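If you want the building blocks of each chain, they are given just below.
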Amino acid sequence: MRRFSFLFWPILTGVFAAVLILQFFPDLVAPQVNTVEIRQASQPNLQTVSSGQVRGPVSYSDAVNVASPAVVNIYTRTLVQQRSPLLDDPFFRNFYDRRSLPQRQRIESSLGSGVILSPQGYIATNNHVIAGADSIVVALKDGREFTATLVGSDPETDLAVLKVEMDDLPSITLTDSDNLQVGDVTLAIGNPFGVGQTVTMGIISATGRNSLGLNTYEDFIQTDAAINPGNSGGALVDAFGNLIGINTVIYTKSGGSQGIGFAIPSNLTKQVMQDLIQYGRVIRGWLGIEVQELTPPLAESFGLENTRGLIIASIFRNGPAHLAGLQPGDIMVEINDEAIQDRRHSMEQIAQFKPGEKIEIGVIRNGDKLVLPVEIIERPRSR
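In this text, all values refer to a predicted model and were calculated from it rather than measured experimentally.

Undergrad: Could you clarify how one ought to interpret the overall build of the protein chain in this entry?
TA: A tally of helices and strands in the protein chain yields 8 helices and 21 strands. With 383 residues in all, the protein chain has 38% of them scored as buried. A separation of at least 24 residues holds for 61% of the contacts in the protein chain among residues at least 6 apart in sequence. Split by element, the accessible area of the protein chain, about 22,700 Å² in all, is 52% carbon and sulfur.

Undergrad: I would appreciate a short explanation of unusual backbone geometry in the present structure.
TA: With glycine set apart, most residues show a phi of negative sign, and most peptide bonds adopt trans. Of note in the backbone geometry, Asp 158 takes a positive phi value of approximately 60 degrees without being a glycine. Considering the arrangement of structural elements, one finds Asp 158 in the loop between β6 (149–154) and β7 (159–163). Residue Asp 158 is classed as buried on the basis of its relative accessible area, which comes to 9%. Phi is positive for Asp 337, which is not a glycine, with a value near 65 degrees. Along the chain, Asp 337 falls in the loop between β17 (331–335) and β18 (338–339).

Undergrad: Help me understand the pattern of salt bridges in this model?
TA: Side-chain pairs of opposite charge can arise whenever the charged atoms involved come near each other. All chains considered together, the criterion is met by 10 salt bridges. Taking the shortest distance from any N to any O, the salt bridge between Arg 379 and Glu 156 comes out at 3.0 Å. Within this pair, whereas Arg 379 is found in the segment after β21 (377–378), its partner Glu 156 is found in the loop between β6 and β7, the two being separated by 223 residues in sequence. Put simply, Lys 163 and Glu 165 hold a salt bridge, and the shortest N to O gap is 3.1 Å. For Lys 163, a relative accessible area of 14% translates into the label buried. Accessibility expressed as a relative area gives 65% for Glu 165, which makes it exposed. One salt-bridge network, in which partners are shared between bridges, spans Asp 154, Glu 156, Arg 284 and Arg 379.

Undergrad: I would appreciate a short explanation of helix α5 (residues 266–279) in the present structure.
TA: Helix length check: α5, at 14 residues, gives a terminal C-alpha distance of 20 Å against a target of 20 Å (1.5 Å per residue), a fit within 8%. Its buried side turned inward, α5 meets β3 (122–126), β6, β7, β12 (243–250) and β13 (261–265). Just downstream of α5 lies Gly 280, where phi reads positive at about 80 degrees.

Undergrad: Would you mind going over the packing of aromatic side chains with me for this structure?
TA: For the coordinates displayed, the defined rule picks out 2 aromatic pairs. An angle of 50 degrees between the planes, with centres 5.7 Å apart, marks the rings of Phe 220 and Phe 262 as tilted. A residue pair is termed long-range when its members are at least 10 positions apart, and Phe 220 in strand β10 (residues 220–223) and Phe 262 in strand β13 qualify at 42 residues. Grouping residues by exposure puts Phe 220 and Phe 262 together as buried.

Conventions we followed
Residues numbered from 1 in each chain as written. Predicted model: local features only at pLDDT ≥ 70, side-chain atom pairs only at ≥ 80, totals over all residues. Heavy atoms only, no water. Helix = DSSP H or I, 4+ residues; strand = E, 2+ residues; numbered from the N terminus. Buried < 20%, exposed > 50% of the residue type's maximum accessible area, 1.4 Å probe, protein only. Contact = heavy atoms within 4.5 Å. Areas by Shrake-Rupley, 256 points an atom, 1.4 Å probe, with all protein chains shown as cover. Salt bridge = Lys/Arg side-chain N within 4 Å of Asp/Glu carboxyl O. Expected span 1.5 Å × (residues − 1). Phe/Tyr/Trp six-rings, centres within 6.5 Å; stacked < 30°, edge-to-face > 60°.

Structure (structure tokens):
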């Protein structure tokens, strides 16, 4: 026994050291485990949405509560005179005076939406919603109904302004539509299929959509928020309930929403509304020309390296361009020293000038650069 006594203290020391290692460094002897790091986003505080502190998926009930009272349902009635079927029969035409034939009348009803833009009772909607209507009824979200009068309409942008005589009206807040970005959240509020006020959600899919062949002046916001028949004239709002556009049209093959809807920007809506209220029409500048985009093949045929320009295809006789000496075949390259970007931008730029205002048009004619002064006049109304 004594011969092994010299091993006692080394063994005791080793056991004590092992206990200390297990106590303070258990990972050294524990089996290795593979772990996956998962980061989970915390639930956002919904109360901070209105202050603009939160970005990302949240409830949009605050935005809807702000905007929806100013979105109205519009019901129109149109009295249509029906042609007597006897007039189509040659036999009966010989026996009856056309004026003595019985006339039948039919009432056509349609529905749409609108947005109250001011507490004074001015409502923006689409021109195609109220075109030709004999009576227009506006129904508010709170159940009140009023007969509306037409202040004015602008078929070239498909906008119209109505007026209701009533106090204590809710109105929506407009925001600058020039600041919109693709990916921004949008809410479409309207009266689809006449079922009542409905809200759908999406994002801005594109801005500045044009050349769709829908209106003379096109600068649409494209959204994938579901827009259906009856939504026309309703509000497209941002995540805080501010108006960014007036819902106008959908691209569809089935008659229902396919995720491609278009809205007229709030800035354009405001401009048209102010002109319709003040003048009863929209005041636009006019040159009296028809233009064509300068394509690379055309530029090459003209011996030009730059394809930014517009070919003057035709000129209205005695119009501003004709009186200023512009000619068909001239290539417009500048407006007031600003280079031409494209057809849409240039025509909108000219429309912004007021009648009587003088501008300078830079053109290339037979390889030479000319600058001609032109006095703008008011654009004739489309018929």
